[in-house]
Amino acid sequence: MRFPSLFVLLLAAALLAPAVTAQYYTQVRDRVDIAWPESNPIWEMEVYSPSNSSGTEGSGLEIRKVYYNGRKVFERAHVPIVNVEYDPSGGCGCYRDWNDFEIFFATEPESGGAAFLDAVPGSVKTTCDFDGQVDPLSDQGDMVGIAGESFDDRLVLTTQMAAGWYRYRVRWTFWSDGRIQPEFTFGHTFNVCTEAGRNHNAYWRFDFDIEGGEDDYVVERTPSGPIEFDEEAKRNHGDGISWGVFDRLTERGYVLTPGAETELVVDDFAYADAIVLAYNPLEVDDGGGFSAEYCAIDFESEGPPSPDPFMGRKPALLDGEDVLDTDVVLWYRTGTFRAGEGDNACRRLGPTLSPVGNWTAVDNEADAPALPQVAELTSAYPNPFERVTTVRFRVTEARAVTLTLVDDLGRTVRALYQGTPSPGQFVTTEIEAGSLPSGSYTVRLSGEGINETTRVVLLR
């Protein structure tokens, strides 16, 4: 059993403190809400630290509900799976690594115990950033959590995690022109296994929701032309190949262009470079754990039993579901080969996500209003949930609305919101489990000309 470090306990205490607003971010309970830059935000999102991330063993620095110029890009993006396979001659076997244990790194100013730090641009240094200054295999600094760096043309978010002797850095760069660069860095401190040859993989899960996600589709872009996917599939790198997710109605989308990770060729352990799936709230990862039986990624077999008695066994993820004009998820592998024997160089890898189509700010686009005709109620996240879930809604014009939680017998069990929200502005409401019994519930938004619903499932 792994016990939380003092740093993680301090982080948890800080995140439970009252909300504090500073510049482009607001710290609220277990997350940080970002609107960058502070004046006329280009990027808006929720950010979760590794210890608060989702998945069987965490997801690193996880982002949710990401908007560029007021238009939705992601519902969630994270790294739920990291695995490593050693050369059989080294005797180290294979592992699934955890992605939820934060380790300290250096910033200016020092953290002072903050869970989120607005750092001096260019000052953030993880274990992999001290080459030539100190022992490159040692940890430095006192920051545990997330550091933000606000440059003139980009926002950079960084965290560092420890999985035994490994040091994993997750860094997100959000450019003012709409580009997104997710980076996973493979580093380590000294251990006999780091002297062995190995293949190392990190799997990004991009839950795109372009304009809401209901009409999205995935394209493989090749030198000979685009290929639209009509059912779930796994794909590999190739010369000039990239993948894009688009909204059918507006043709806005994002294209994923591979980075240097193409150096590691797919094998049975790595499984695939890109996996296209239909969205399912239960498919956050493939259910693998620490045992050798579940080291390799497996999207086509039934998963191991869930520790949650309500969940049973995880079904196969890649099972031929329809992915055309629906809610889709794109998985992407970042992989590297390490020769060992003194090969201590860190590997900084990751794709570039670039916007395609008209992503003009909503306020500047007269012919394509982003607001729904009457009201919009988003799906709850997480869903199913055990402790708390979140829903968001907005209306097009000022009118009184109520948000209620209704059980399967049609009884209102909780009033969630009552008032007149500002037109076009999302209202975020948390639903706490409290004393509610397990089961399925309906979240209902009602008012003059409004009757929007979404379903949530509470598990105990």
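Note: the structure precedes this text.
Below is a summary of the structure that appears in this document. Position numbers for residues count from 1 along each chain, tracking the sequence in the order it is written. Confidence filtering applies because this is a predicted model: local features only for residues at pLDDT of at least 70, side-chain atom pairs given and counted only at 80 or more, and all residues used for totals across whole chains, interfaces and linings. Only hydrogens and water are set aside; all other atoms, that is, all heavy atoms of the structure, feed into the side-chain values.

## A short note on the overall build of the chain
Applicable threshold: The helix and strand labels rest on DSSP assignments: H or I over at least four residues marks a helix, E over at least two residues marks a strand, and numbering proceeds from the N terminus. A simple rule labels every residue: compare its accessible area, found with a 1.4 Å probe on the protein chains alone, to the largest value its type can have, and call it buried under 20%, exposed over 50%, or partly exposed in between. Residues are treated as being in contact if the distance between any of their heavy atoms lies within 4.5 Å. A 1.4 Å probe and the Shrake-Rupley method give the accessible areas. Residues count as covered only by the protein chains that appear here.
Looking only at helices and strands, one finds one helix and 29 strands in the chain. Per-residue burial for the chain yields a buried fraction of 53% across its 460 residues. Partitioning the intrachain contacts of the chain with sequence separation of at least 6 by distance along the chain shows that 66% fall at a separation of at least 24. In the form shown here, the chain has an accessible surface area of approximately 19,100 Å², with 50% of it arising from carbon and sulfur atoms.

## Here's the deal with the sheet that holds strand 25 (residues 401–406)
For the record, the criterion: When DSSP finds at least two bridges between two strands, those strands are taken to pair. All axes here are fitted lines through C-alpha atoms, helices being fitted over the stretch that makes contact, and every angle between N-to-C directions spans 0 to 180 degrees.
Strand order in the open sheet made by the four strands is 26-25-28-29, with antiparallel pairing throughout. Of all the strands in the sheet, the pair left with one neighbour each is strand 26 (412–419) and strand 29 (450–458). Strand-to-strand twist of the sheet, defined as the mean angle between neighbouring strand axes without regard to direction, takes the value 15°. As judged from the nine bridges shared by strand 28 (residues 439–447) and strand 29, these two strands associate in the antiparallel manner. Among the inter-strand pairings, Ser440 is bridged to a residue of strand 29, identified as Val457.

## Section: the sheet that holds strand 24 (residues 388–395)
In sheet architecture, strand pairing relies on hydrogen bonds along the backbone and comes in two forms, parallel and antiparallel. Strand order across the open sheet formed by three strands is 23-24-27, with antiparallel pairing between neighbours. Among the strands making up the open sheet, the edge pair consists of strand 23 (375–377) and strand 27 (427–432). Strand-to-strand, the axes of this sheet are offset by a mean angle of 20°, without reference to chain direction. Sheet topology note: the strand 23/strand 24 ladder contains three bridges and is antiparallel. Residue pairing for strand 24: Ala375 is matched across the bridge by Val395.

## Remarks on the pattern of salt bridges
Opposite charge on two side chains lets them pair, provided their charged atoms get close. The line we're drawing: Between Lys or Arg on one side and Asp or Glu on the other, a salt bridge is scored when a side-chain nitrogen of the former is within 4 Å of a carboxyl oxygen of the latter.
As enumerated under the stated definition, the model contains 26 salt bridges in all. Of the charged contacts in the structure, one is a salt bridge between Arg31 and Asp33, with a shortest N-O distance of 2.6 Å. In this structure Asp33 comes out as partly exposed when scored by relative accessible area, which is 23%. One salt-bridge network, held together by shared partners, links Arg31, Asp33, Glu46 and Glu430.

## Considerations on the packing of aromatic side chains
Put simply, the rule is: The pairing test for Phe, Tyr and Trp rings, Trp by its six-membered ring, is centres within 6.5 Å, and the orientation test on the planes gives stacked under 30 degrees, edge-to-face over 60, and tilted for anything in between. Two conditions define a charge sitting above a ring: the NZ of Lys or the CZ of Arg must be within 6 Å of the ring centre, and it must be within 35 degrees of the ring normal.
Taken as a whole and judged by the stated rule, the model has 27 aromatic pairs. With 6.2 Å between their ring centres and 45° between their planes, Tyr68 and Trp359 make a pair best called tilted. Placement of Tyr68 in strand 5 (residues 62–68) and of Trp359 in the loop between strand 22 (352–356) and strand 23 is noted, with a sequence separation of 291 residues between them. Its relative accessible area of 6% is what places Trp359 among the buried residues. Grouped by ring-pair contacts, the aromatic residues Trp43, Tyr68, Phe74, Trp172, Phe174, Trp204, Phe206, Phe208, Tyr254 and Trp359 constitute a single cluster. Directly above the ring of Trp175 sits Arg179, whose terminal nitrogen or CZ lies 4.4 Å from the centroid. Over the aromatic face of Tyr217 sits the side chain of Arg248, whose NZ or CZ is 3.8 Å from the ring centroid.

## What to know about the side chain of Asp139
Where we set the bar: Here a polar contact is taken to be a pair of N or O atoms separated by no more than 3.5 Å, where protein atoms must pair a possible hydrogen donor with a possible acceptor and residues adjacent in sequence count only if both atoms sit in side chains.
Here Asp139 is to be found in the loop between strand 8 (116–119) and strand 9 (146–150). A distance of 2.7 Å separates the side chain of Asp139 from the side chain of Thr127, its partner in a polar contact. Those residues in contact with Asp139 that sit more than four places away from it in its chain are Ile103, Phe104, Thr127, Gln160, Arg167 and Thr189.

## Overview of the state of the cysteines
We apply this condition: The disulfide definition used here is simple: a pair of cysteine sulfur atoms within 2.5 Å.
Considering all chains together, one arrives at three disulfides under this definition. Here Cys92 is linked by a disulfide to Cys193, with a sulfur-sulfur distance of 2.1 Å. Taking the sign of the S-S torsion, -100° for the link of Cys92 and Cys193, the bridge is left-handed. Note that Cys92 is positioned in the loop between strand 6 (71–86) and strand 7 (94–96) and Cys193 in the loop between strand 12 (180–188) and strand 13 (198–208), a separation of 101 residues in sequence. With relative accessibility at 11%, the residue Cys92 sits in the buried group. The exposure class assigned to Cys193 is buried, which follows from its relative accessible area of 7%.

## Let's talk about the pairing of strand 6
Most of strand 6 is tucked away: 15 of the 16 residues are buried. Pairing of strand 5 with strand 6, which is carried by five bridges, proceeds in the antiparallel orientation. Counted as the bridge partner of Val66 is Phe74 from strand 6. Connecting the antiparallel pair strand 5 and strand 6 is a turn made up of two residues, with Asn69 showing a positive phi of about 55°. Relative to strand 13, strand 6 is paired through 10 bridges, and the arrangement is antiparallel. From the neighbouring strand, Glu85 faces strand 13, where its bridge partner is Asn199. Pairing of strand 6 with strand 7, which is carried by three bridges, proceeds in the antiparallel orientation. By the bridge assignment for strand 7, Val84 is matched with Tyr95.

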